[in-house]
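Single-letter residue listing:
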Amino acid sequence: MKNILLAVTGGIAAYKAIDLTSKLTQRGYTVRVMLTPYALEFVTPLSFQAISREAVYTNTFNEQNPAEIQHITLGDWADAIIVAPATANTISKLSLGLADDMVSSTLLATNTPKFIAPAMNVHMYENQRIQHNMATLKKDGYHFIEPGEGFLACGYVAKGRMEEPLNIIKFVEHTMDASNVSQSESSGYFNDKNVLITAGPTVETIDPVRFVSNRASGKMGYKIAEALVEKGANVTLVSGPTYLEPPQGVYFLSVTSAEDMFQAVKSVYESQDVVFKTAAVSDYTPIETLEHKMKKQEGDLSVTFKRTTDILKYLGEHKTHQKLVGFAAETQDIKKYATGKLKRKNADVIIANNVGDTSIGFKSDDNEVIMYFKDGTERAFQKADKGTLAKALIEELERRWQ
């Protein structure tokens, strides 16, 4: 990979694209830049031209070389295309197949790997329509670089900042390297499959200070996501609050509550081929969430809870072509509960472990599991670190489903 086409759209984070151009050229890449009309409100072509020493493109109809069709030639020339920053408007246009400027025309006219680095207000980013549009593009093969959290131009301190240039480069390089491996070496079941993984705990809020959660760390789900990326899968990772960094190459959705996780999973479920339901979702959530901190009072305290949506059951009831892998964290009668869950939830596989054993339970770096299959067979895996175990589980599923 040596040629990068950088598409800059109309957001305040466009200034970061100048730094991204600089860092790419310093790493030896040849960088050509496209700017949308709205991007020109924030940055100038001369800034990019001075750094890249390459032509900058702003108008589909301004053909600099009459022997070429610019937006076709550029797409063919590039080894990868990065859209940074990617606004809500551009993401939505691409998901609908619109082509009304240089950037959208080029992206629709090429099969070159495409990377999207969103940057926008947090409420825009979380808007259901934008999430749907991003899920559509993910299904179509676009790679998303998750925005960071911090101070936004609108004044919020929240998620929506374009990822830092160096991290964008690392993401692109890692993904392209993994893609090259998968194309040259992998013809396994998961190659190019859309795979959804849920991981971590959920947090159910009582008041601004207190909440109910569980001990799940998310480690197993994150390692499975990592193993699937290496297999060439298109991975969507929906995660509750953890201290873990999302694996490179995944489309990452951060959620908090059980309802948040359910809505995120439901929004992308139809486009998935396989689902790994590793998250430890709260079974109950407070009926009432208090706006202000609950004050200490004399006597005992009672909080009334209601059932949350059973996500695994919902997926089992609504699956069409998907394969469904559930997890069962148990402390006793593991086979009984796991096989019962397998049948009730209409899953294809249940992977069970004994969380009562602290050496393989929540937050541990190791695990030991048994896979229970729909056909009545089972496969036990001895204690190993979660990274090694994740790869072994994927290999077992690949062997059976291939």
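Before reading on, note that the structure itself is shown above.
The rules we used
Residues numbered from 1 in each chain as written. Predicted model: local features only at pLDDT ≥ 70, side-chain atom pairs only at ≥ 80, totals over all residues. Heavy atoms only, no water. Phe/Tyr/Trp six-rings, centres within 6.5 Å; stacked < 30°, edge-to-face > 60°. Helix = DSSP H or I, 4+ residues; strand = E, 2+ residues; numbered from the N terminus. Buried < 20%, exposed > 50% of the residue type's maximum accessible area, 1.4 Å probe, protein only. Pairing = 2+ DSSP bridges. Axes fitted to C-alpha atoms, helices over the stretch in contact; angles between N-to-C directions. Parallel < 35°, antiparallel > 145°, perpendicular 65-115°, else oblique. Left-handed = near helix turned anticlockwise from the far one by under 90°. Contact = heavy atoms within 4.5 Å. Nonpolar A, V, L, I, M, F, W, Y, C, P; charged D, E, K, R; others polar. Patch = residues over 30% accessible without salt bridge, like charges linked within 9 Å, V, L, I, M, F, W, Y side chains within 5 Å. Areas by Shrake-Rupley, 256 points an atom, 1.4 Å probe, with all protein chains shown as cover. Salt bridge = Lys/Arg side-chain N within 4 Å of Asp/Glu carboxyl O.

Participant: When you look at the packing of aromatic side chains in this model, what are you seeing that I'm missing?
Facilitator: Geometrically, a pair of aromatic rings is defined through the distance of the ring centres and the angle of the planes. Applying the stated rule across the entire model yields eight aromatic pairs. Where Phe-144 meets Tyr-251, the ring centres are 5.3 Å apart and the plane angle is 50 degrees; that geometry is what we call tilted. Of this pair, Phe-144 sits in strand 6 (residues 143–144) while Tyr-251 sits in strand 13 (residues 251–254), and the two are 107 residues apart along the sequence. Here Phe-144 and Tyr-251 have matching classes, each one buried. When the ring of Phe-190 is compared with that of Trp-401, the centres are 6.2 Å apart and the planes differ by 55 degrees; the resulting orientation is tilted. In this pair, Phe-190 is assigned in the loop between helix 8 (165–185) and strand 9 (194–199) and Trp-401 in helix 13 (residues 386–401), connecting sequence segments 211 residues apart. A residue is classified by how much of its surface remains accessible, and Phe-190, at 0% relative accessible area, is buried.

Participant: How should the sheet that holds strand 2 (residues 30–35) be read in this particular structure?
Facilitator: Read from one edge of the open sheet, six strands run 3-2-1-4-5-6, paired in parallel fashion. Both edges of this open sheet fall to strand 3 (56–57) and strand 6, since each of them pairs with a single strand only. As paired strands, strand 4 (residues 80–86) and strand 5 (residues 114–118) are joined by four bridges and run parallel to one another. Of the residues in strand 5, the one forming a bridge with Ala-86 is Pro-118.

Participant: I'm lost on the packing of helix 10 (residues 258–268) against helix 11 (residues 311–318) in this one. Help?
Facilitator: For any two helices packed against each other, the geometry is given by the interaxial angle and the distance between the axes. The N-to-C vectors of helix 10 and helix 11 enclose an angle of 20 degrees; their axes lie 10 Å apart at closest approach. Judged on the interaxial angle alone, helix 11 and helix 10 are roughly parallel. Our pair here, helix 10 against helix 11, has a crossing hand that is right-handed. Residues Ala-258, Met-261, Phe-262, Val-265 and Lys-266 of helix 10 form the contact with helix 11, whose own contacting residues are Ile-311, Tyr-314 and Leu-315. Tallied by class, residues from the contact of helix 10 with helix 11 come to seven nonpolar, no polar and one charged.

Participant: When you look at a nonpolar patch on the surface in this model, what are you seeing that I'm missing?
Facilitator: Judged by side-chain polarity, Tyr-284, Leu-301, Val-303 and Phe-305 come together as a nonpolar surface patch covering roughly 370 Å² of accessible area. The residue Phe-305 is located in strand 16 (residues 305–307) in this model.

Participant: Would you mind showing me how to read the pattern of salt bridges here?
Facilitator: In total, this model carries 20 salt bridges according to the counting rule given. The closest approach of N and O atoms between Lys-23 and Asp-19, which form a salt bridge, is 2.9 Å. Taken together, the residues span about one helical turn, with Lys-23 and Asp-19 both in helix 1 (residues 14–26) at a distance of four residues. Under the relative-accessibility criterion, Lys-23 is labelled partly exposed at 25%. On the basis of relative accessibility, which here comes to 31%, the residue Asp-19 falls in the partly exposed class. Two residues, Glu-173 and Arg-27, come together in a salt bridge whose shortest N-O distance is 2.9 Å. Taken together, the residues Glu-173 in helix 8 and Arg-27 in the loop between helix 1 and strand 2 connect sequence positions 146 residues apart. For Arg-27, a relative accessible area of 41% translates into the label partly exposed.

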